[in-house]
Amino acid sequence: MTETLTTEWTSVPTAVGDLRALVHVPTSLGDDERRPGVVLVDGSGDGACDDWGGWPEWVASCGAVVLTHDKPGCGGSPGHWTEQTLADRAAESLAAIEELRAHPRCAGQPVGLLGVSQGGWVSLLASATGGPDFVVSISGPGVSPAEQERDRISREIADLPPAQHAAAMAWVDERCARLVAGEPVEEVLADQLRFADEPWYPAVSFVYDDPRNLAFAAGMLDFDPLPVLRQVTSPVLALFGGADTIIPVAESVVAYTENLPTLEAGEHGLAVFPRGNHGLFVADPDPEVPRGDQLAAGFLPMLTGFLADARVREPAA
């Protein structure tokens, strides 16, 4: 299932400085053999180029050379990821694509993005500019960050009495509206503390209890992926887990199917793996079981087929 890889240090130039990056090259490649390139685009939170677990090996096993890079402020790289917009992240991903295109193992081959969760939005934004040759979106929401987070929190507190659930969601909606309107995050945080004794407070305040995180969220909550989906220029493989409790899967499937532009027949793909969670795993981590063996059956073969099809396409100029 996995490839043995050699790793090469490189960097990705961005507006905040050069980010650490690793190119993961399968040792099985012949001297003159080249493969498509895949840049992994992380989800929310921090992330370092050497903290992807088994993902580089799993993606490489599908027929790719893989690049991973730090988020700003992680792994010793400059900047800080909470100061980015989604557009900043898309620009960063485009720079990573160019770095991988320049690698001799990807010469003349298509190079694209594999975005996980929030990285799905980022990858679509990058595709709307004509940059990547393909996009793989894993659990990338087809709704706005505000809608996605509202759905997630509502699920998490679904067992509360109706009145408490309604009160919690009323604050979620108010907080979102105030942040989008540009109200100082310190004022929003101060008001949120009024609810510290409520049973729903831990769920509602999780990751929303820090000024830096709130400021980051304020800059993206009203992002609308539908116009972006209509502008993508590359084939998209959109994959979801049917057991995902983080994003609204049904609404996301509808968004992709109704808004992706028509390319040549069969170039887009979409699948929902019934038992898959947000990361497309079908079980919790078990030290006795290789984590890759817990990925949804069919995921890696589907990715292998998509990348094999990408190899016959002309890469972007």
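Here is what the cut-offs are and how they apply
Residues numbered from 1 in each chain as written. Predicted model: local features only at pLDDT ≥ 70, side-chain atom pairs only at ≥ 80, totals over all residues. Heavy atoms only, no water. 1 Å grid on protein atoms, 1.4 Å probe; cavity = no way out; pocket = protein on both sides within 12 Å on 5 of 7 lines; lining within 4 Å. Points joined across faces, edges and corners; volume = space filled by probe spheres on them. Helix = DSSP H or I, 4+ residues; strand = E, 2+ residues; numbered from the N terminus. Salt bridge = Lys/Arg side-chain N within 4 Å of Asp/Glu carboxyl O. Buried < 20%, exposed > 50% of the residue type's maximum accessible area, 1.4 Å probe, protein only.

## A word on empty space enclosed by the protein
A probe as big as a water molecule, rolled over the atoms, marks out the empty space that is left.
Consideration 1: All chains considered together, the criterion is met by two cavities of 30 Å³ or more.
Consideration 2: In this model, the largest cavity occupies a volume close to 80 Å³.
Consideration 3: Along its surface, the largest cavity is lined by Ala 146, Glu 149, Arg 150, Ile 153, Val 172, Arg 175, Cys 176, Leu 179, Tyr 208 and Leu 221.
Consideration 4: Looking at the lining of the second largest cavity, the elements that each hand over two or more residues are strand E3 (37-41) and helix H2 (86-101).

## A short note on the pattern of salt bridges
Consideration 1: Taken as a whole and judged by the stated rule, the model has 13 salt bridges.
Consideration 2: The partner of Arg 212 in a salt bridge is Glu 83, with the nearest N and O atoms 3.2 Å apart. Of this pair, Arg 212 sits in helix H8 (residues 211-218) while Glu 83 sits in the loop between strand E4 (65-69) and H2, and the two are 129 residues apart along the sequence.
Consideration 3: A salt bridge links Arg 178 to Asp 191; the shortest N-O distance between them is 2.8 Å. Taken as a pair, Arg 178 in helix H5 (residues 162-180) and Asp 191 in helix H6 (residues 185-192) lie far apart in primary sequence, 13 residues in all.
Consideration 4: You can call Asp 191 partly exposed: its relative accessible area is 25%.
Consideration 5: Ionic contacts of the salt-bridge type, sharing partners, join the residues Glu 174, Arg 178, Glu 183 and Asp 191 into one network.

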